[in-house]
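# Examination of the molecular architecture
One-letter residues, chain by chain:
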Amino acid sequence: MSKSKSPESVKVVVRCRPMNEKERATKFERVVTVDVKLGQIIVRNPRLASAHEHPKVFTFDSVYDSNSKQIDLYDETFRQLVDSVLLGFNGTIFAYGQTGTGKTYTMEGVRNDPERRGVIPNSFEHIFTHISRSQNQQYLVRASYLEIYQEEIRDLISKDQSHRLELKERPDTGVYVKDLSSFVTKSAAEIERVMILGNQNRSVGATNMNEHSSRSHAIFVITVECSELGVDGENHIRVGKLNLVDLAGSERQTKTGAQGERLKEATKINLSLSALGNVISALVDGRSSHIPYRDSKLTRLLQDSLGGNARTVMVANIGPACYNVEETLTTLRYSNRAKNIRNKPRINEDPKDALLREFQEQIARLKEQLERRSGKRKKRRPRRRVGEGGHEGDLEDGGTEDEEEEEEEEEEGGDQEDYWRQQQEKLEGERKAIMEDHSLVAEEKLRLLKEKERKMEDLKKEKEVGEMLSAKVKAMESKLLVGGKNIVDHTNEQQRILEQKRHEIAEQKRREREMQQQVENRDEETLELKETYSSLQQEVDIKTKKLKKLFAKLQAVKAEIQDVQEAHIKERQDLEQSQNELTRELKLKHLIIENFIPMEEKNKIVSRAFFDEEDDHWKVKAITRLEDNHQMMCRPVSAVGYRRPLSQYARVAMVMRSEVRYKAENLLKLEMDLPERTTRDYEEPAIAPNVAAALEAALRDEDEIQVDASGFHSSLGLMGGVGPTGAGGSLRKPKSGRSKTGKKSSTPTSPFSPSSPASPLYPQSRGLVPK
Ligand code: ADP
Ligand code: MG
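As the structure is a computational prediction, the values presented were derived from the model and not from experiment.

### A closer look at the packing of aromatic side chains
Summed over all chains, the structure comprises six aromatic pairs. When the ring of Tyr-74 is compared with that of Phe-78, the centres are 6.4 Å apart and the planes differ by 50°; the resulting orientation is tilted. You can see Tyr-74 and its partner Phe-78 sitting in helix 2 (residues 70-86), four residues apart, about one turn around the helix. Residue class for Tyr-74 comes out buried when judged on its relative accessible area of 1%. Take Phe-78: its relative accessible area is 1%, and that puts it in the buried class. Arranged with centres 5.5 Å apart and planes meeting at 70°, the rings of Phe-611 and Trp-618 form a pair that is edge-to-face. Members of the aromatic cluster, each reached through a chain of ring pairs, are Phe-124, Tyr-145 and Phe-220.

Right, dumping it as C-alpha cells:
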C-alpha cells in the first residue's frame, strides 16, 4: 500500500561556525573558506607547503558560512524534509562533526531566541502550523527522546532513568526500541516541554554536560500520523517519522592509558561512529553486499535513514581555525562519501501499528458505551415513573455497566445534567417522606432509609462512571488534531504568503547554485573542446595553460591520496591500539577462568552459552526441565543402582571401610556405644631390672656392714666403749628383716652362724640378738 519512488541521494550540507572568542584572541589562522554561491568548502592545510597552491575543495548540496541564519538553514534545507514527513515519509536529520563545531547549535540552538532557534524547535512550529492550516484531516503527533551512551539506550523522558532499553526487530515495522515512551502532544509548546524534560534528564548524571554530550548520541523522534478520507471512501492513515539526531563528537577519543570504564567508553564511542562510517562506506562502495548495520545500536536504529525508507539530510559542522584542520578534513571527507548514499523513501500508508487508528477505534468504543448507558436510562425512565414498586430492580442494574442491553435506543436530546438532578431530587424527596412518615415502625424506617441511601450511592457511582467515560472521550478527541480553524485568520494568511515567498527564494538560491556548479563543470569541458587554433603559438599557449591546470589537478589528487592514506593509517593505528587493549583485557579474563574456574564448570557454561543477535549479547541458557527434558530426567550412568552419582573411591570405601562418611544411604550406626571406663586396677609399680639389682646390691652391702659392725661391737665391748646406742643404730637394721624389696633377707644370719650357737659373747640384750 505504499507508493515507491526512485532512489534519491542523502542530502549533505556543511556549516562552518564563526571563530569563537578564544580563537580570535589567540589569532588563529582561518583555513576554511566557504563559497556559498558554488556550494564549495575550500580548506588550506597550513602544515603542508603546497597547501596555498592546492587547497582542497569539496562540493556539497549547499554550504553555510559563519553568518548563516538558523531560519535560512531551515527554509533552504530542512523545511522540505519536514514537509515530506507531514506527507507520510520518514525523515532524518543528522548533525555530524567535531565537538564544539555547532551540532547542538544547529539542532537545538538557543531556545528562547526565535532568531537562533535550531531545527528541532523550528520543526515543531512548522508541524503544528501545518496541522492548523490543514482541512479534513485528523492528526496525531507524538514525541520520544532517547540517548545512546556507551552502546546503551536510555529513554530521556521516562521516569526511571536507570532503565536501559533494548532494540527489537519485527519483520513488518523493522527495528524499534522496546518500551520507549512517547508523549502525544497537541501544540508546539507541549512538544517543546518534552524536549526540555529530555534535555534535563540528559544532563542528570553527567559530571560534565559538554563532555557527556560529546560522547553520546541524542535522538529526538517526532511521529506524525494523519488520517484522511481517501477516494475510496475509506479513512487512510499516513505515518511520517522524523528523527533528529545530534551525534557524538567525531574527534578521535584520546585513549592514552585508558583503562576500565574509560577504555570501555572510548572503544564504544568509536564503535558507534566508526560503524556509522563503515555503513556509509559499504553503502557507497556498491560492491559490498553486506551492510554492517548490526555493528552498533546507532546504525541499527537508523538503518532506514541510511540506504532505506527515508529522506535524509546530513549537516556536517566544522570549525574555521587552523588547529582543527585535521578534524575538519576528516569531517568533510566523511560527508563527501555520504553524498552518494541512495535512499528509497516511500509514503508509509496504513501501517499496522498506527496509534491514530487505535485512538479512533477506542473513541468509537467509548462513545458506544456512553450511548448504551444513556439508552438504558431512557428505557428506565418511564418504568420508574410507573410507581413505587418499580425501583427495586431498577437501580440495581444501574450500577452494573457491562450488562447487555436490548438495542432499541432512540435519539433524544440528551440533557444529562437535568436527568441526574431529577433523579437525585426524587431520591432525596423519597428519603424525606420516609423520615416524616410516622406510621412506620422504627426498624422498618431504618431499613428503608438505608435502602434509599444505597440507591443514592449507586446513582452517584453511575454518574461518575458516565462522567469518566465522557471525559476520556473528550481527552482522546482533544489529542486528535484537526485543522481548518485559522484559515480565515488574516495575519495567518499573511504569514503563509511570507513563508511561501521565503520558500521560493530558497528554491531560487538552490537553482542558482546548481547552475553555477554546472557552469564550472562546463568551463573545464569547453577548455578541451577548443581544438581549433589560429596559430601554432596560440596552440602552444592554450595547451600549456591546459597542461598547467591538469598538472595542478594531478598534484591536488596526489596530495589527496597521500592525505587519505595518512588518515587511513592513523585510523588503523587507533583501531589496532584499541584492539590490543581489548586483547589484553581478554587475556586477563582467560587467565582468571583458567586458574580459578573448575574445568567442568567452565565447560558447562560454555555449552549453555549462546549469542543473542537481537540483544547483541552473550547469554547463558537457563536450565529448564521443560526445554531439555531428556537431560534432566535421565539418571547419569555413574549412578546406576544408587540414589545419586558416586565416585569410584566412594563406592570402594563404602564396601571396605566401616566409616560413616561413605555410607551415604544409611547413616544410622546400629552398634551399641558402651560407656567408657573411668577407673583403673591397681598394679604394682614395675621396677626396672637394673634398679632392682642396684637395690639388692645395696641391701647386701648393709648386711656386710652388719658383719663388720659385729666385729666392731666386739672390739667396742672390749674397749668398754661408746655405749649401746651407737651400736644399736647400725645393728637395728637386720632386725627389720625385710628389705624394701619386700623380700626376707636371709643373708644376715650367716656371719653370725659360726659363733652364735656356740657361746654368746655378751649378756643378751634385746635387739642385738642376731637371728
Ligand atoms: P557541539 O554540539 O558540536 O559540541 P555546540 O553546538 O555546543 O557544539 O557549539 C559550541 C559553541 O559554538 C556554542 O557556544 C554555540 O553557541 C557556538 N556556535 C556554534 N555554531 C554557531 C553558529 N553557526 N553561530 C554562532 N554560534 C555558534
Ligand atoms: Mg553538542
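That covers the picture; the talk isn't over yet.
### Focus: the pairing of strand 8 (residues 137-149)
Consecutive side chains along a regular strand alternate between the two faces of the sheet. For strand 8, a buried count of 11 out of 13 residues is recorded, marking the element as mostly surrounded by other parts of the structure. Two elements, strand 8 and strand 13 (residues 216-229), share 13 bridges in a ladder whose sense is antiparallel. In the sheet register, Leu-146 faces strand 13, and the bridge partner there is Ile-219. Where strand 8 meets strand 17 (residues 481-482), two bridges bridge the pair, whose relative direction is antiparallel. Residue pairing across strands places Tyr-139 opposite Leu-481, the latter belonging to strand 17. Of the pairings in the sheet, the one linking strand 8 to strand 12 (residues 183-185) comprises three bridges and is antiparallel in character. Residue pairing for strand 12: Val-141 is matched across the bridge by Thr-185.

### With respect to the site of ligand 1
Taken together, the neighbourhood of ligand 1 is formed by Arg-15, Arg-17, Pro-18, Gln-98, Thr-99, Gly-100, Thr-101, Gly-102, Lys-103, Thr-104 and Tyr-105. Between ligand 1 and the protein, one listed contact pairs an oxygen atom with a backbone N or O atom of Gly-100 at 2.6 Å. Between Gly-102 and ligand 1, the recorded distance is 3.1 Å, taken from a backbone N or O atom to an oxygen atom. Here ligand 1, which alone exposes 550 Å², has 68% of that area covered by the protein. Take the shell around ligand 1: its biggest share by element is three residues, from helix 3 (residues 103-107).

### Overview of the packing of helix 2 against helix 4 (residues 119-133)
Where helix 2 meets helix 4, the axes come as close as 10 Å, and the angle between the chain directions of the two elements is 50°. Our classification of the angle between helix 2 and helix 4 gives oblique. Where helix 2 crosses over helix 4, the handedness of that crossing is right-handed. Side by side, helix 2 and helix 4 meet where Tyr-74, Phe-78, Arg-79, Val-82, Asp-83 and Leu-86 of the first sit next to Val-119, Asn-122, Ser-123, His-126, Ile-127 and His-130 of the second. Tallied by class, residues from the contact of helix 2 with helix 4 come to six nonpolar, four polar and two charged.

### Let's talk about the sheet that holds strand 3 (residues 32-35)
Spatial ordering of the open sheet is given by 3-4-5, a layout of three strands whose pairing is antiparallel. Edge strands, defined here as strands with exactly one partner in the open sheet, are strand 3 and strand 5 (56-59). Here the strands of the sheet are splayed against their neighbours by 20° on average, with no regard to which way each runs. When strand 3 meets strand 4 (residues 40-43), the two strands line up antiparallel, connected through four bridges. Bridging across to strand 4, Thr-33 finds its partner in Ile-42. Those strands touched by helix 9 (residues 325-338) are strand 3, strand 4 and strand 5, and its axis lies near 35° from that of strand 5.

### Thoughts on the pattern of salt bridges
By the definition in use, this model includes 39 salt bridges. Note that Glu-23 and Arg-17 form a salt bridge whose closest N and O atoms lie 3.1 Å from each other. Both residues of the pair, Glu-23 and Arg-17, count as buried. Put simply, Glu-514 and Arg-510 hold a salt bridge, and the shortest N to O gap is 2.8 Å. Taken together, the residues span about one helical turn, with Glu-514 and Arg-510 both in helix 14 (residues 490-529) at a distance of four residues. Connected through salt bridges with shared partners, the residues Lys-56, Arg-333, Glu-560 and Asp-563 form a single ionic network.

Calculation rules
- Residues numbered from 1 in each chain as written.
- Chains lettered and ligands numbered in written order.
- Predicted model: local features only at pLDDT ≥ 70, side-chain atom pairs only at ≥ 80, totals over all residues.
- Heavy atoms only, no water.
- Phe/Tyr/Trp six-rings, centres within 6.5 Å; stacked < 30°, edge-to-face > 60°.
- Helix = DSSP H or I, 4+ residues; strand = E, 2+ residues; numbered from the N terminus.
- Buried < 20%, exposed > 50% of the residue type's maximum accessible area, 1.4 Å probe, protein only.
- Pairing = 2+ DSSP bridges.
- Near = heavy atom within 4 Å.
- Polar contact = N/O pair within 3.5 Å; in protein donor to acceptor, adjacent residues only side chain to side chain.
- Areas by Shrake-Rupley, 256 points an atom, 1.4 Å probe, with all protein chains shown as cover.
- Axes fitted to C-alpha atoms, helices over the stretch in contact; angles between N-to-C directions.
- Parallel < 35°, antiparallel > 145°, perpendicular 65-115°, else oblique.
- Left-handed = near helix turned anticlockwise from the far one by under 90°.
- Contact = heavy atoms within 4.5 Å.
- Nonpolar A, V, L, I, M, F, W, Y, C, P; charged D, E, K, R; others polar.
- Salt bridge = Lys/Arg side-chain N within 4 Å of Asp/Glu carboxyl O.

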